[in-house]
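So you can see what is in the structure, the chains are spelled out below.
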Amino acid sequence: MPSYTYGEPTRSNDGKNDYQFVGWDDNGDGVVDNTSPSRTITVDKTYDIKAIFKPALKTVSVKANNGTYGTVQVSQGSNKGSSIQAEYGSNVQLLASSKDAVKYLFSKWSNNATQASTTVTVKEDTTYEAIFITNTYTVNFYNGNSKVHTTTVIRGSSIDSSRSSVGSSTSIPPITGV
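Let us look at the structure shown here. (Residues numbered from 1 in each chain as written. Predicted model: local features only at pLDDT ≥ 70, side-chain atom pairs only at ≥ 80, totals over all residues. Heavy atoms only, no water.)

Each helix and strand counted, the protein has zero helices and 16 strands in total. Buried residues in the protein amount to 26% of all 178 residues. Sequence-distant contacts in the protein: of pairs separated by 6 or more residues, those separated by 24 or more amount to 54%. Summing over all exposed atoms, the protein offers an accessible surface of approximately 11,000 Å²; the carbon and sulfur share of this is 43%. (Helix = DSSP H or I, 4+ residues; strand = E, 2+ residues; numbered from the N terminus. Buried < 20%, exposed > 50% of the residue type's maximum accessible area, 1.4 Å probe, protein only. Contact = heavy atoms within 4.5 Å. Areas by Shrake-Rupley, 256 points an atom, 1.4 Å probe, with all protein chains shown as cover.)

Turning our attention to the side chain of Arg-39. Here Arg-39 shows up in strand β3 (residues 39-42). A distance of 2.8 Å separates polar atoms of two side chains, one belonging to Arg-39 and the other to Asp-26. (Polar contact = N/O pair within 3.5 Å; in protein donor to acceptor, adjacent residues only side chain to side chain.)

So, on to the sheet that holds strand β6 (residues 70-76). Here we have four strands laid out as an open sheet, ordered β7-β6-β9-β11, and antiparallel in their pairing. Only two strands of the sheet have a single partner each, and these edge strands are β7 (79-81) and β11 (117-121). Taken over all neighbouring pairs, the strand axes of this sheet differ in orientation by 20 degrees on average, direction set aside. Examined bridge by bridge, β6 and strand β9 (residues 91-98) share six bridges and lie antiparallel to one another. Considered in β9, the bridge of Val-72 is made with Ala-96. (Pairing = 2+ DSSP bridges. Axes fitted to C-alpha atoms, helices over the stretch in contact; angles between N-to-C directions.)

On to the pairing of β11. Side-chain alternation along β11 places Thr-118 and Val-120 on a buried face and Ser-117, Thr-119 and Thr-121 on a face that remains uncovered. Sheet topology places β9 next to β11; five bridges connect them, and they run antiparallel. Of the residues in β11, the one forming a bridge with Asn-91 is Thr-121.

So yeah, pure geometry; function would need other evidence.
In structure tokens:
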């Protein structure tokens, strides 16, 4: 009986996806019967052999602008981590969490989403960055009605005005005549 050998098929990008070969459907029923990219068949009947493709997976990654301030994760079902593989058009969840909610705040994602937990649709290999900021307050010091000093401090920090300093490096001018 004659035999026929064929190599690995390819499918062109359709503008959204690259495709990867999954296997061969030998019976026309949509089920992959053989996963070998290249094979030889002995022709003993009529065959309808179809190459089966699926969209190539895209890489979705997350990072924090400052790992001291918070942690990040991307997830799709049980697939979780700082980087995962997902199909084009599927949804993944981005998660950001402050390491110290008193001192650090989640501000936004690099795609301008403002929720710490947000869903995005996979369209390409992408890295999303979580932007964390320090939770700060402005402290103004007055001598009577005259402002003599302004400083910004992280929430939860303390200021000792009796020592005329904030932290270890900012001096507060002496307040006299109060």
